[in-house]
Amino acid sequence: MIEILPPSTIPLARESGALVAEILGTIRERATIGTNLLEIDQWTKDIILGAGATSCYVDYAPSFGRGPFGHYICTSVNDAVLHGLPHDYSLADGDLLTLDLAVVLGGVAADSAISFVVGEPRPEDTTMIDATERALAAGIAAARPGNKIGDISHAIGTVLSGAGYPINMQFGGHGIGSTMHQDPHVSNNGRPGRGYGLRPGLMLALEPWVMADTDELVTDADGWTLRSTTGCRTAHSEHTVMITEDGAEIMTLRA
């Protein structure tokens with residue numbers, strides 16, 4: 001289903017996006033060496049419920065996962081890149097942590113992800129995170145009325161491949177609205193001028209992600225966490241954007 005949201009939902013989308021941005025910012029400030037992933041999940045739960053919002057993850061049970069996710073945030077560490085299931089692990093110096101979060105507030109969903117290093121960063125990690133952020137910015141710039149989904153995919157892929165990273169095509173961005181995952185799918189590489197036409201009211205979650213030296217994933221024993229097959233480090237950046245007459249408005253913009 002492709003959902004075109006009426007103008008009346010824009011303020012609601014801004015509220016849900018602001019909540020996601022606030023939570024990710026708060027956790028980034030709190031997460032230090034020794035922080036346990038289950039602590040992060042509990043912090044997220046407390047803020048979501050305190051805001052009167054609903055988690056998109058707790059009861060989420062898609063075909064690619066094993067049963068309901070059962071947690072409030074994805075916590076992917078080092079070689080884990082997507083759908084990281086929170087577990088009893090305490091962050092160490094130099095860990096590359098990706099947080100991915102989606103909530104529904106006021107009947108509208110918002111989805112965003114950030115990657116950062118806890119403690120002393122490796123230069124190659126900083127470079128990889130920066131590449132995903134630049135790719136995200138390029139995708140957002142291409143998200144304007146009259147363009148196609150392929151224009152967004154091409155813009156993202158141009159940055160990622162130009163930085164030397166392999167691109168996985170299994171998972172990417174997606175439509176979002178009253179629910180978290182909707183059509184259209186937004187690959188992180190593609191041909192310009194192809195695919196669904198962008199129009200005001202279409203909301204998308206754009207999410208460039210890469211693994212340092214491979215495009216192949218393996219599913220962890222937990223049935224959810226996706227890791228690089230080579231054990232290499234990974235990074236992921238994501239924003240929810242609304243297509244407007246003037247371009248894309250970022251709903252999950254962080255301070």
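Residues numbered from 1 in each chain as written. Predicted model: local features only at pLDDT ≥ 70, side-chain atom pairs only at ≥ 80, totals over all residues. Heavy atoms only, no water.

The end-to-end C-alpha distance of helix α4 (residues 149-162) is 20 Å, a good match for the 20 Å that 14 residues give at a rise of 1.5 Å each. Counted residue by residue, α4 has 10 buried out of 14 residues, so it is predominantly covered. Among all positions of α4, only Ile-149, Gly-150, Asp-151, Ile-152, Ser-153, Ala-155, Ile-156, Gly-157, Val-159 and Leu-160 are buried. Buried residues along α4 sit against α3 (123-142), β7 (182-186), β8 (203-206) and β9 (209-211). (Helix = DSSP H or I, 4+ residues; strand = E, 2+ residues; numbered from the N terminus. Expected span 1.5 Å × (residues − 1). Buried < 20%, exposed > 50% of the residue type's maximum accessible area, 1.4 Å probe, protein only. Contact = heavy atoms within 4.5 Å.)

Bringing the sheet that holds strand β10 (residues 217-219) into the picture now. Pairing is antiparallel in the open sheet, where three strands are placed in the order β3-β11-β10. Two strands in the sheet have a free side with no partner beyond their single neighbour: β3 (80-82) and β10. Strand-to-strand twist in this sheet, taken as the mean axis angle between neighbours without regard to direction, amounts to 45 degrees. Across three bridges, β10 lies against strand β11 (residues 226-228) in antiparallel orientation. Note that in β11 the partner of Leu-217 across the bridge is Ser-228. (Pairing = 2+ DSSP bridges. Axes fitted to C-alpha atoms, helices over the stretch in contact; angles between N-to-C directions.)

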